[in-house]
Amino acid sequence: DLTRERAIVIALSLQIIFLAWCRGGLVYEWILYTFTGLAAVGFSLLFMPFSHSYPTPRENWKSLLKFPVFWLCLLFSSYITIQALNIAWVRKVKAGMSWMQSIQHINWLPSGMETPFYRMNPWRILMIMGSASLIIFTVKIGIRHSRSFMRLFWVFAINGMIFTAITLVQKLTKTPLMLGFYKS
(Lines give C-alpha, C1' and ligand atoms only; values in the text may rest on other atoms or scores of the structure.)
Protein backbone atom coordinates (compact mmCIF):
# COMPACT_ATOMS: atom_id res chain seq x y z
CA ASP A 1 0.00 0.00 0.00
CA LEU A 2 1.57 3.24 -1.20
CA THR A 3 1.15 6.05 1.31
CA ARG A 4 1.24 9.71 0.38
CA GLU A 5 4.47 10.28 2.30
CA ARG A 6 6.20 7.37 0.53
CA ALA A 7 5.04 8.72 -2.86
CA ILE A 8 6.38 12.17 -1.91
CA VAL A 9 9.75 10.67 -0.90
CA ILE A 10 9.92 8.92 -4.30
CA ALA A 11 9.07 12.17 -6.14
CA LEU A 12 11.64 14.18 -4.15
CA SER A 13 14.26 11.46 -4.73
CA LEU A 14 13.66 11.67 -8.48
CA GLN A 15 14.20 15.43 -8.30
CA ILE A 16 17.47 15.02 -6.37
CA ILE A 17 18.77 12.43 -8.81
CA PHE A 18 17.56 14.25 -11.94
CA LEU A 19 19.04 17.64 -11.11
CA ALA A 20 22.36 16.22 -9.92
CA TRP A 21 22.93 14.32 -13.16
CA CYS A 22 21.75 17.02 -15.56
CA ARG A 23 24.58 18.49 -17.52
CA GLY A 24 24.94 22.10 -16.47
CA GLY A 25 22.15 22.27 -13.90
CA LEU A 26 19.26 24.50 -15.01
CA VAL A 27 21.15 25.89 -18.02
CA TYR A 28 19.16 24.08 -20.70
CA GLU A 29 15.45 24.72 -21.16
CA TRP A 30 14.39 21.07 -21.24
CA ILE A 31 16.08 20.52 -17.87
CA LEU A 32 14.21 23.46 -16.38
CA TYR A 33 10.87 22.26 -17.79
CA THR A 34 11.47 18.72 -16.51
CA PHE A 35 12.58 19.90 -13.08
CA THR A 36 9.58 22.22 -12.77
CA GLY A 37 7.30 19.37 -13.83
CA LEU A 38 8.81 17.04 -11.22
CA ALA A 39 8.39 19.72 -8.54
CA ALA A 40 4.74 20.17 -9.57
CA VAL A 41 4.12 16.41 -9.44
CA GLY A 42 5.63 16.19 -5.95
CA PHE A 43 3.56 19.15 -4.77
CA SER A 44 0.34 17.78 -6.30
CA LEU A 45 0.79 14.55 -4.33
CA LEU A 46 -0.03 16.57 -1.20
CA PHE A 47 -3.59 17.00 -2.44
CA MET A 48 -4.30 13.61 -4.00
CA PRO A 49 -6.42 11.18 -2.03
CA PHE A 50 -4.50 8.12 -0.80
CA SER A 51 -6.07 5.29 1.15
CA HIS A 52 -4.98 5.10 4.80
CA SER A 53 -3.00 8.34 4.53
CA TYR A 54 -2.96 10.99 7.17
CA PRO A 55 -3.29 13.94 6.87
CA THR A 56 -6.06 14.32 4.34
CA PRO A 57 -5.71 16.60 1.31
CA ARG A 58 -7.95 19.14 3.05
CA GLU A 59 -5.68 19.20 6.11
CA ASN A 60 -2.67 19.67 3.82
CA TRP A 61 -4.38 22.72 2.28
CA LYS A 62 -4.92 24.14 5.77
CA SER A 63 -1.26 23.51 6.65
CA LEU A 64 -0.14 25.21 3.43
CA LEU A 65 -2.28 28.28 4.11
CA LYS A 66 -0.88 28.52 7.66
CA PHE A 67 2.73 28.31 6.44
CA PRO A 68 4.19 31.88 6.36
CA VAL A 69 6.77 30.97 3.69
CA PHE A 70 3.88 30.13 1.33
CA TRP A 71 2.62 33.71 1.57
CA LEU A 72 6.12 35.15 1.11
CA CYS A 73 6.65 33.00 -1.99
CA LEU A 74 3.24 34.02 -3.33
CA LEU A 75 4.09 37.69 -2.78
CA PHE A 76 7.49 37.28 -4.46
CA SER A 77 5.95 35.37 -7.41
CA SER A 78 3.34 38.11 -7.81
CA TYR A 79 6.08 40.75 -7.88
CA ILE A 80 8.03 38.83 -10.57
CA THR A 81 4.84 38.30 -12.60
CA ILE A 82 4.05 42.03 -12.51
CA GLN A 83 7.61 42.73 -13.70
CA ALA A 84 7.23 40.22 -16.53
CA LEU A 85 3.96 41.81 -17.66
CA ASN A 86 5.11 45.45 -17.25
CA ILE A 87 8.05 45.51 -19.64
CA ALA A 88 10.16 48.68 -19.53
CA TRP A 89 13.19 47.53 -21.52
CA VAL A 90 13.45 45.51 -24.72
CA ARG A 91 16.60 43.85 -26.00
CA LYS A 92 17.45 44.89 -29.56
CA VAL A 93 19.97 43.16 -31.81
CA LYS A 94 21.45 44.54 -35.01
CA ALA A 95 24.62 43.52 -36.87
CA GLY A 96 25.89 41.40 -34.01
CA MET A 97 25.44 44.20 -31.46
CA SER A 98 22.80 44.16 -28.76
CA TRP A 99 21.44 46.89 -26.51
CA MET A 100 18.49 47.63 -24.24
CA GLN A 101 15.88 50.12 -25.41
CA SER A 102 13.35 51.76 -23.12
CA ILE A 103 9.65 51.39 -23.98
CA GLN A 104 6.44 52.78 -22.54
CA HIS A 105 5.32 51.09 -19.31
CA ILE A 106 3.40 51.78 -16.11
CA ASN A 107 5.88 53.73 -13.97
CA TRP A 108 4.41 53.07 -10.53
CA LEU A 109 4.47 49.27 -10.97
CA PRO A 110 7.59 47.10 -10.84
CA SER A 111 9.00 46.87 -14.35
CA GLY A 112 11.03 44.23 -16.13
CA MET A 113 12.98 43.51 -19.28
CA GLU A 114 12.06 41.49 -22.34
CA THR A 115 15.03 39.21 -22.86
CA PRO A 116 15.44 35.75 -24.37
CA PHE A 117 14.15 32.95 -22.13
CA TYR A 118 17.24 30.82 -22.70
CA ARG A 119 19.51 33.53 -21.26
CA MET A 120 17.49 34.86 -18.34
CA ASN A 121 14.21 36.67 -17.99
CA PRO A 122 11.41 37.06 -15.43
CA TRP A 123 9.55 33.95 -16.63
CA ARG A 124 12.66 31.83 -16.22
CA ILE A 125 13.24 33.26 -12.73
CA LEU A 126 9.62 32.49 -11.90
CA MET A 127 10.08 28.86 -12.99
CA ILE A 128 13.31 28.43 -11.01
CA MET A 129 11.96 30.07 -7.85
CA GLY A 130 8.58 28.41 -8.29
CA SER A 131 10.18 24.97 -8.47
CA ALA A 132 12.21 25.65 -5.34
CA SER A 133 9.09 26.93 -3.57
CA LEU A 134 7.08 23.84 -4.51
CA ILE A 135 9.85 21.62 -3.16
CA ILE A 136 9.93 23.58 0.12
CA PHE A 137 6.14 23.25 0.49
CA THR A 138 6.26 19.55 -0.36
CA VAL A 139 8.94 18.85 2.24
CA LYS A 140 7.35 21.03 4.94
CA ILE A 141 3.84 19.63 4.58
CA GLY A 142 4.38 16.16 3.12
CA ILE A 143 7.27 14.79 5.17
CA ARG A 144 6.17 14.04 8.72
CA HIS A 145 8.50 11.24 9.83
CA SER A 146 12.24 11.35 10.44
CA ARG A 147 12.52 8.02 8.59
CA SER A 148 11.44 9.81 5.38
CA PHE A 149 14.06 12.51 5.91
CA MET A 150 16.67 9.81 6.40
CA ARG A 151 15.64 8.15 3.13
CA LEU A 152 16.02 11.44 1.31
CA PHE A 153 19.39 11.98 2.97
CA TRP A 154 20.54 8.53 1.83
CA VAL A 155 19.42 9.20 -1.74
CA PHE A 156 21.38 12.44 -1.64
CA ALA A 157 24.45 10.82 -0.06
CA ILE A 158 24.56 7.75 -2.34
CA ASN A 159 24.02 9.95 -5.37
CA GLY A 160 26.93 12.13 -4.25
CA MET A 161 29.16 9.11 -3.68
CA ILE A 162 28.44 7.74 -7.15
CA PHE A 163 29.11 11.15 -8.67
CA THR A 164 32.38 11.41 -6.71
CA ALA A 165 33.48 7.92 -7.80
CA ILE A 166 32.85 8.74 -11.46
CA THR A 167 34.74 12.02 -11.09
CA LEU A 168 37.70 10.24 -9.48
CA VAL A 169 37.78 7.69 -12.29
CA GLN A 170 37.69 10.54 -14.80
CA LYS A 171 40.60 12.30 -13.07
CA LEU A 172 42.68 9.12 -12.65
CA THR A 173 42.20 8.02 -16.27
CA LYS A 174 42.70 11.60 -17.49
CA THR A 175 39.77 11.30 -19.86
CA PRO A 176 38.76 14.58 -21.52
CA LEU A 177 35.10 13.57 -21.36
CA MET A 178 32.84 14.54 -18.47
CA LEU A 179 30.92 11.47 -17.26
CA GLY A 180 32.39 9.66 -20.24
CA PHE A 181 30.13 11.48 -22.73
CA TYR A 182 30.61 15.25 -22.74
CA LYS A 183 33.73 17.24 -23.43
CA SER A 184 34.73 18.93 -20.19
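Above: the structure in question.
Heads up: these notes are all about the structure in this document. Treat the numbers as computed from the prediction; the structure is a model and nothing was measured.

**Description of the packing of aromatic side chains**
How two aromatic rings sit relative to each other is given by the distance of their centres and the angle of their planes.
Moving on, step 1. By the definition in use, this model includes eight aromatic pairs.
Moving on, step 2. Between the aromatic rings of F70 and W71, the centroid separation amounts to 5.0 Å while the plane-to-plane angle is 75°, which identifies the pairing as edge-to-face.
Moving on, step 3. Three or more aromatic residues joined by ring pairs make a cluster, and in this case those are F43, F47, W61, F67, F70, W71 and F137.

**Notes on the pairing of strand β2 (residues 97-102)**
Moving on, step 1. Summarising the sheet, strand β1 (residues 87-94) and β2 pair through six bridges and their orientation is antiparallel. Bridged to V93 within β2 is S98.
Moving on, step 2. Counting the residues between successive antiparallel strands, the hairpin from β1 to β2 contains two residues, one of them, A95, with a positive phi of roughly 55°.

**Observations regarding the sheet that holds β1**
Strand pairing within a sheet occurs via backbone hydrogen bonds; the two strands may be parallel or antiparallel.
Moving on, step 1. If you walk across this open sheet you meet the three strands as β2-β1-β3, and the pairing is mixed. Looking at the sheet topology across the chains shown, the edges are occupied by β2 and β3 (112-114). Pairwise comparison of adjacent strand axes, ignoring direction, gives a mean angle of 25° for this sheet.

**Concerning a nonpolar patch on the surface**
Moving on, step 1. A cluster of nonpolar residues, M150, F153, W154, I158, M161, I162 and I166, forms a patch on the protein surface that exposes about 670 Å² of accessible area.
Moving on, step 2. Turning to its location among the elements, M150 is positioned in helix α6 (residues 146-173).

**Quick notes on the environment of I8**
Moving on, step 1. Within the element layout of this structure, I8 appears in helix α1 (residues 4-21).
Moving on, step 2. Distance in space between the C-alpha atoms of I8 and L46 is 7.8 Å, their sequence separation being 38 residues.

**Considering the packing of α1 against helix α2 (residues 29-44)**
Moving on, step 1. Two numbers describe how α1 lies on α2: the axes approach to 9 Å, and their chain directions differ by 165°. It follows from the interaxial angle that α1 and α2 lie roughly antiparallel. Along this stretch, α1 crosses α2, giving a crossing that reads as left-handed. Contacts from I8, A11, L14, Q15, F18 and L19 of α1 reach α2 at W30, I31, T34, F35, L38, A39 and G42.
Moving on, step 2. When grouped by side-chain class, the residues that make up the contact of α1 with α2 number 10 nonpolar, three polar and no charged.

**A look at the packing of α1 against helix α5 (residues 122-142)**
Moving on, step 1. In the contact formed by α1 and α5, the axes pass within 11 Å of each other and the chain directions differ by 150°. Taken together, the axis directions place α1 and α5 in an arrangement best described as roughly antiparallel. The two elements α1 and α5 meet at a crossing, and its hand is left-handed. Every residue of α5 that contacts α1 at E5, I8, L12 and Q15 is listed here: I135, T138, V139 and G142.

Analysis parameters
- Residues numbered from 1 in each chain as written.
- Predicted model: local features only at pLDDT ≥ 70, side-chain atom pairs only at ≥ 80, totals over all residues.
- Heavy atoms only, no water.
- Phe/Tyr/Trp six-rings, centres within 6.5 Å; stacked < 30°, edge-to-face > 60°.
- Pairing = 2+ DSSP bridges.
- Helix = DSSP H or I, 4+ residues; strand = E, 2+ residues; numbered from the N terminus.
- Axes fitted to C-alpha atoms, helices over the stretch in contact; angles between N-to-C directions.
- Patch = residues over 30% accessible without salt bridge, like charges linked within 9 Å, V, L, I, M, F, W, Y side chains within 5 Å.
- Areas by Shrake-Rupley, 256 points an atom, 1.4 Å probe, with all protein chains shown as cover.
- Salt bridge = Lys/Arg side-chain N within 4 Å of Asp/Glu carboxyl O.
- Parallel < 35°, antiparallel > 145°, perpendicular 65-115°, else oblique.
- Left-handed = near helix turned anticlockwise from the far one by under 90°.
- Contact = heavy atoms within 4.5 Å.
- Nonpolar A, V, L, I, M, F, W, Y, C, P; charged D, E, K, R; others polar.

So far we have only geometry, and geometry alone does not tell us how the molecule works.
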